[in-house]
Amino acid sequence: MADEERRSVAVVTGAGRGIGRAIAVRLAAGGHHVVAAARTAAEVEATAALGRDIDAVVADVGSGVGVDSIAAAADRAGRLDVWVNNAAILERRAFVELDPATWDRTMDVNLRGAYLGCRAAFSRMAASSGGVIVNIGSLSGVAGVEKFAGLSAYNVSKAGLIALTEAVAVEGRDHLVRCVALSPGAVDTEMLRRAAPHLNPGMTPDDVAAIVTFLISADAAHLSGVNIPIFSNR
């Protein structure tokens, strides 16, 4: 049990495919014991099969119960050092057709889920030796960047995620808890093909995972409360 308590644990939500899967695999390869969470059992189990130190947890981050189950899995695995809020959904709707249920569900997963994840991570990291929370945003949530029709709820949720990052970082300073946001543009994922099929992806999920690996490292120790927009020029 003592060995498990010392083991460095990283949580990755939305780890069933795309960016989340790439992050989970890379962090496991880098020495973390990874708790990979997603709503779809088959997808997150496929992610777990890609690394020796990846545990699969089926959970919906839009609910407190779901995030509690993820945090409990992390507690069992060892010492929580990293939490990556990556889970997100996107429903394309023209604004005049954007019903409250779709709006609420988008906010539940993309923003409330990140808040719940930050809250679970913060309490554990503050009680130990600190840690790093990474929120995966999007250029869709960055002010002044071109927006596309039909993505109102998604855009607002990602803008809120950036504000959440700043707020958590302020209060994390005295507890050695860093919080950073990473907002990539067009990444080669299924979500991009649904959201903006006219865009050519400038990044792969592995590219994003590599940046996350840097952000949680000691080399990025002075980065907190920032959002890093990625404008790929490939």
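The structure presented is a predicted model; accordingly, all values stated were derived computationally and were not measured.

Peer 1: Even after reading the chapter, I still don't get unusual backbone geometry, so can you show me in this structure?
Peer 2: The phi angle of most residues is negative, glycine excepted, and most peptide bonds adopt the trans form. One non-glycine residue, Leu176, lies in positive phi territory at about 60°. The topology assignment puts Leu176 in the loop between helix H6 (152-172) and strand S6 (177-184). Judged by relative accessible area, Leu176 falls into the exposed class, the value being 61%.

Peer 1: Got a minute to help me understand the sheet that holds strand S4 (residues 79-85) in this structure?
Peer 2: Spatially, the seven strands line up as an open sheet ordered S3-S2-S1-S4-S5-S6-S7, and their pairing is parallel. Unpaired on one side and paired on the other, strand S3 (54-58) and strand S7 (227-230) mark the two borders of the sheet. Looking at each pair of strands side by side, their axes are set apart by 20° on average, direction ignored. In the sheet, strand S2 (residues 33-38) pairs with S3 via five bridges, with the strands oriented parallel. Pairing of Ala37 across the sheet is with Val57, part of S3. Helix-sheet contacts for helix H2 (residues 18-29) involve strand S1 (8-13), S2, S3, S4 and strand S5 (131-136), and the interaxial angle to S1 is about 170°.

Scoring rules and cut-offs
- Residues numbered from 1 in each chain as written.
- Predicted model: local features only at pLDDT ≥ 70, side-chain atom pairs only at ≥ 80, totals over all residues.
- Heavy atoms only, no water.
- Helix = DSSP H or I, 4+ residues; strand = E, 2+ residues; numbered from the N terminus.
- Buried < 20%, exposed > 50% of the residue type's maximum accessible area, 1.4 Å probe, protein only.
- Pairing = 2+ DSSP bridges.
- Axes fitted to C-alpha atoms, helices over the stretch in contact; angles between N-to-C directions.
- Contact = heavy atoms within 4.5 Å.

Functional significance is not addressed by these values, which are geometric in nature.
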